[in-house]
Amino acid sequence: MLTLPGPPHCVQQSTLLLDSAVLKCSLTSMTMPPVKYQKGDTVMGRWPGSSLYYEVKVLDFDVKSKLYTVIYKDGTELELKEQDIRSLSGFQTRSRSRSRSQSPGRRRSRSRSPARTTRRSSSRTAAAVAAAAITDSAPSSRKDIKLKDTLEVRLSPLQQTKAAENNSNNKHEKKEENNTASKVNENIEAKADTEPEKNQGRYNLRRRKDDGEGKPEVQEEEVKVAAPAPAATPSTPLDFGGKIGAYFWLLFLPAWVLFVILQGNLEDPSLANFPPPLPPLEAFWDPQALVFVILWILFQVLLYVLPVGKLSEGMPLRSGERLKYRTNGFFAIAVSALAVAAAVHQGVDLTYVHSRFLQLATATFIISVLLSIYLYIRSRYAAPEQLALGGNSGNVVYDFFKGHELNPRIKSFDLKFFCEMRPGLIGWCLINFAMALAEMKQQGLDAPSYSMILVNLFQLLYVVDGLWNEEAILTTMDLMHDGFGFMLAFGDLVWVPFTYTLQAYYLVSHPNPLSLPAVAAILLLKFVGFYIFRKSNSEKNAFRRNPSDPKLSHLKTIPTATGKSLLVSGWWGVVRHPNYLGDLIMALAWSLPCGFSHLLPWYYMIYFVILLVHRDSRDMSECRRKYGSAWDEYCRTVRYRIIPRVY
């Protein structure tokens, strides 16, 4: 037997031990699966989260995890599964076969034409959607075979345009646009993979050395359907309990608003008096209340369409388009305040709002339902790219509730943006002011109580801040992802003005005297929450709009396969949702002036906790789907979701 030289400390090992080791190695090599790609091989590796292939070099193979460590030409190192790697010769063969059927001149011409590129992307997306539907119908054990039988795969070089080379500031945006057409292809590959989800997300992303140099040649995978198939809608998880939940929320939300209004009007609004007595049916309706609401909305429409204020660009849509919005909300609330002050000076009795609170809520509810019906009908004629993915389930009731169309517009008038920021939000402040006047009248006061002043001041500051920073709402989930249907129409027009004013409504009939030290403590709490809320939101908004801003260079990030980065420092390095933390502290400050005699004025605090927990779970699932292993790394880096742990 050949005796192998060993390190100094094991020279005296017995021949028997060496025999055992050699035998063990032989058995291991017999049972270990063959490695398809060897160290040093040049192959094509798929970038995680897309269907784009780059030229890579194999560095290592981990037998335990069955992952290849590869390095791209720009220095990025990733761990890829074998199915995400293709041989270089396969790409070259397909490229040559394509070049025989199409002249190089025509290829260059087509790649330089933005319009043609868009059409090709659209056709690939449509084909991929149909392919996804076919894949879904196949049994899970035969998915890979079905996919191969159904699809014809072609590989062609994706050439960079001159605009991308000349504009280094738009690097991330260009990459995201190139990936948009392949997003459904990514879903096909994910479905075809039968491994557990926990294993498929194990990509070790390291920061690129230099985004501007050594860009590898990109290969793009085109998918064509061999046989015609019916069009399918993009698959998106259903929120709020799905289709059954939509029926529940359509009934529950109006009933809850009715409950809190009737309960707050009781002399003793404790839960022991549940359910509150229902007034006669005619008490719900007042034509004057309907006229009041219509005039208020029309007044806000007039202020919105005036050519005053900045025209702001929204975030890129799936088509790459950026819509423009008239962000003059601060102007609108200032003019509204002057109009209300003038009306009071002329003798208009605003305590009408308190005495007809139920009738005003009923009138606004009717308008929100009519608006929702109009929105759904018009969405049936909208182009597919104008629909919201989350409200495109195919179920009429769910889509009516969630919102079928993403950005419904009448010419340049954006219905969703207007309802989010104007009639309900500014109406919230109007109702609070009317409640302060009603308290003075009912309690015989010369001035509102400290509690009423705090509630009015805090909530006015919240609304004014939102309208002053109106542009920031363009980067929120409501504007970017949620369709405009009953959920948002009812929420903006009814839920916000008639439930967020509950503290002021409660204090009219249930005064709660406060000492000056208590006032000072509540003020301090409010401004701490507001500081966290505003600073964290401003940091997020600035980073989303321009990650390359020199003012943000001190922030640490985790790169993702989408071309975007995740913040892991600043406010967003303390907890994952510092803006939610600030919101919760402010909600606490809004409820404290009402005291602890009843649970009803604490409704907003309880509701907000439930809302933010739900939003956090939505954010987690959406970001895990979108960012994959980079999101897992982010969660390990920023451990606390809303409340930081204090040591």
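Residues numbered from 1 in each chain as written. Predicted model: local features only at pLDDT ≥ 70, side-chain atom pairs only at ≥ 80, totals over all residues. Heavy atoms only, no water.

As for the pattern of salt bridges
- In the structure shown here, the tally under the stated rule is 11 salt bridges.
- Taking the shortest distance from any N to any O, the salt bridge between arginine 356 and aspartate 286 comes out at 3.5 Å. One end of the pair, arginine 356, is in the loop between α13 (352-355) and α14 (357-379); the other, aspartate 286, is in the loop between α10 (242-264) and α11 (287-305), and 70 residues separate them in sequence.
- Look at arginine 356 and you get partly exposed, because its relative accessible area is 34%.
- With a relative accessible area of 14%, aspartate 286 lands in the buried category. (Salt bridge = Lys/Arg side-chain N within 4 Å of Asp/Glu carboxyl O. Helix = DSSP H or I, 4+ residues; strand = E, 2+ residues; numbered from the N terminus. Buried < 20%, exposed > 50% of the residue type's maximum accessible area, 1.4 Å probe, protein only.)

Looking at the state of the cysteines
- Applying the stated rule across the entire model yields zero disulfides.
- No disulfide involves cysteine 635; its nearest neighbouring cysteine sulfur is the one of cysteine 623, lying 8.4 Å away. (Disulfide = S-S within 2.5 Å.)

What to know about the nonpolar core
- In terms of nonpolar packing, the biggest core is built from 100 residues, with Ile261 and Phe498 touching the most fellow members.
- Of the domains in this structure, domain 2 (241-513) and domain 3 (515-646) are the two that each give at least three residues to this core.
- Each residue touching phenylalanine 498, except ones within four places of it in the same chain, is listed here: Val257, Ile261, Phe357, Leu360, Ala361, Thr364, Ile431 and Leu493.
- Of all hydrophobic cores here, the second largest spans 14 residues; its members include Tyr54, Val56, Val58 and Leu78. (Core = buried A, V, L, I, M, F, W, Y, C linked by side-chain atoms within 4.5 Å. Domains from an automatic or database assignment. Contact = heavy atoms within 4.5 Å.)

Digging into the packing of helix α22 (residues 516-545) against helix α23 (residues 578-591)
- The N-to-C vectors of α22 and α23 enclose an angle of 155°; their axes lie 8 Å apart at closest approach. In terms of axis orientation, α22 runs roughly antiparallel to α23. With respect to the hand of their crossing, α22 and α23 are arranged in left-handed fashion. Along its contact with α22, which presents Ile522, Leu525, Lys526, Gly529, Phe530, Ile532, Phe533, Ser536, Asn537 and Lys540, the element α23 presents Pro578, Asn579, Gly582, Asp583, Ile585, Met586, Leu588, Ala589 and Trp590.
- Grouping the amino acids of the contact of α22 with α23 by side-chain chemistry returns 11 nonpolar, five polar and three charged. (Axes fitted to C-alpha atoms, helices over the stretch in contact; angles between N-to-C directions. Parallel < 35°, antiparallel > 145°, perpendicular 65-115°, else oblique. Left-handed = near helix turned anticlockwise from the far one by under 90°. Nonpolar A, V, L, I, M, F, W, Y, C, P; charged D, E, K, R; others polar.)

Concerning the UniProt feature "transmembrane region" (unreviewed entry) in the protein chain
- Feature annotation in UniProt assigns "transmembrane region" (unreviewed entry) to the following positions: residues 244-264, 284-306, 327-345, 357-377, 488-508, 514-533, 554-575 and 587-613.
- Strand forms 0% of residues 244-264 and helix 100%; the C-alpha atoms that close the span are 30 Å apart.
- Summarising residues 284-306: 83% helix, 0% strand, and an end-to-end C-alpha distance of 35 Å. (UniProt positions renumbered as here; feature names shortened; annotations may be inferred.)

Observations concerning a nonpolar patch on the surface
- On the surface, a nonpolar cluster with roughly 660 Å² of combined accessible area is contributed by Trp285, Ile366, Leu370, Ile373, Ile377 and Tyr381.
- Looking at the element boundaries, leucine 370 is found in helix α14. (Patch = residues over 30% accessible without salt bridge, like charges linked within 9 Å, V, L, I, M, F, W, Y side chains within 5 Å. Areas by Shrake-Rupley, 256 points an atom, 1.4 Å probe, with all protein chains shown as cover.)

So, empty space enclosed by the protein
- Enumeration over the complete set of coordinates arrives at one cavity of 30 Å³ or more.
- If you add up the space inside the largest cavity, you get close to 210 Å³.
- Val293, Trp296, Thr364, Ile431 and Phe498 are, among the 15 residues lining the largest cavity, the residues nearest its centre.
- Every element with two or more residues in the lining of the largest cavity is listed here: α11, α14, α17 (423-443) and α20 (486-499).
- Top contributing element to the lining of the largest cavity by residue count: α17, with five residues.
- A class-by-class count of the residues in the lining of the largest cavity yields 12 nonpolar, three polar and no charged. (1 Å grid on protein atoms, 1.4 Å probe; cavity = no way out; pocket = protein on both sides within 12 Å on 5 of 7 lines; lining within 4 Å. Points joined across faces, edges and corners; volume = space filled by probe spheres on them.)

Concerning the pairing of strand β9 (residues 324-327)
- Here β9 shows a clear split, with Tyr325 and Thr327 buried on one side and none of Lys324 and Arg326 buried on the other.
- Bridge count between strand β8 (residues 310-313) and β9: four bridges; the pairing is antiparallel. Within the sheet, the bridge partner assigned to lysine 310 lies in β9 and is threonine 327. (Pairing = 2+ DSSP bridges.)

Points about α23
- For α23, built from 14 residues, the straight-helix expectation of 20 Å at 1.5 Å per residue is met to within 8% by its first-to-last C-alpha distance of 20 Å.
- When you tally the buried positions in α23, you get 13 out of 14 residues, the bulk of the element. (Expected span 1.5 Å × (residues − 1).)

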